[in-house]
Amino acid sequence: MILTLRTRWLLAAIVVIVAAAAITVSRTHQPRRLAPLVANFSGDGAVPAISRSMRPVQVDTLRISVAPQALPSDASLDAITAELYTALAYVSARTGTTLAGPITVQILADPQCALHGAAYTQTREVHVTTCAAIPPARAVNILAHEFVHQLAHDYYGDAHLRSDPILLEGWATWGAGHYWLGRHATFRAFLGGQAPLPLITNHLGRPAAEMNTLYYQWASFVEYLLVTYGRDAFDRLYRSGNGVPGSADYQGVYGVDLATLEAAWREWLR
Ligand SMILES: [Zn+2]
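What you see is a predicted model, and the numbers here were worked out from it, not measured in a lab. (Residues numbered from 1 in each chain as written. Predicted model: local features only at pLDDT ≥ 70, side-chain atom pairs only at ≥ 80, totals over all residues.)

(A) Representation of the packing of helix 3 (residues 136-156) against helix 4 (residues 165-176). In the contact formed by helix 3 and helix 4, the axes pass within 8 Å of each other and the chain directions differ by 125 degrees. In this view, helix 3 runs oblique relative to helix 4, as classed from their interaxial angle. Considering the relative orientation of helix 3 and helix 4, their crossing is right-handed. Contact with helix 3, carried on its side by Ala144, His145, Val148, His149 and Ala152, involves Trp171, Ala172, Thr173, Gly175 and Ala176 of helix 4 and no other residues of that element. Split by residue class, the contact of helix 3 with helix 4 holds six nonpolar, four polar and no charged. (Axes fitted to C-alpha atoms, helices over the stretch in contact; angles between N-to-C directions. Helix = DSSP H or I, 4+ residues; strand = E, 2+ residues; numbered from the N terminus. Parallel < 35°, antiparallel > 145°, perpendicular 65-115°, else oblique. Left-handed = near helix turned anticlockwise from the far one by under 90°. Contact = placed C-beta atoms within 7 Å. Nonpolar A, V, L, I, M, F, W, Y, C, P; charged D, E, K, R; others polar.)

As structure tokens, then:
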């Protein structure tokens, strides 16, 4: 078929318009990401050796990539890969949940050497930002928490994106278990009776130390709910929130409101 010059221009214009429309549609259909979730942690534990390698490594479930300057120069990529698989197996067993598919793990470098993590559960990516001066074990501790966010996505479905932050972050912190507990056996023991912040506190934009305190309190509250009311009720509660601290249906699930539960939890902490 021979096309006139005018027809060709017309067709080219149509192709451009269709392509632009397709890009717009794909942008508007991109999955909503969780806001970056910060967790600062000062735990102890074995420090794996990490290699200088910067190429991505793909070993079944975890697709790990390490940015230059993110880890100490003598670090072994094989060792941190093994550590991350160990962490995933641990948090999976602790929470009784499993991944529905592979996830991407990005170990990124922060020029200011800030340690923080984020989970983008709909795109199946977890990030930790660290630097060569921070022991890699601390990045693993953060990633253990981010793994629980992904497991929560795969277990609770979309409900996890709108869950009450007390439960969203409390569950991820509780699920990370010994990666956040250090020498303590439980979050109750970790707090040692100290819980200075109200449970209903907005965690976003807080200084790292305060956010850290809040996460430990929320983990301890989750621990209290699990011990007192069991997992099935907790699962119903987790699914009932609307993204605001205190929004889960505590009254409907447990028959008591959050203020009453908080008072009982504070009593339990003593
Ligand atoms: Zn988190």
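(B) Structural detail: the nonpolar core. Membership of the largest hydrophobic core comes to 57 residues, with the highest contact counts inside it found for Ala87, Leu143, Phe147 and Trp171. The element best represented in this core is helix 7 (residues 208-229), accounting for ten residues. Domain assignment of the residues forming this core places at least three in each of domain 1 (55-160) and domain 2 (163-269). Contacts of Ala87, omitting those with residues within four sequence positions, involve Val140, Leu143, Ala144, Phe147 and Tyr179. (Core = buried A, V, L, I, M, F, W, Y, C linked by C-beta atoms within 7 Å. Buried ≥ 20, exposed ≤ 12 C-beta atoms within 10 Å, placed from the backbone. Domains from an automatic or database assignment.)

(C) Broad picture of the environment of Leu151. By the secondary structure assignment, Leu151 is in helix 3. Overall, the presence of 27 C-beta atoms within 10 Å leaves Leu151 in the buried class. Separated by 54 residues in the primary sequence, Leu151 and Thr97 have C-alpha atoms spaced 6.1 Å apart. Apart from residues no more than four positions distant in its own chain, Leu151 is found in contact with Val91, Ser92, Thr95, Thr97 and Leu99.

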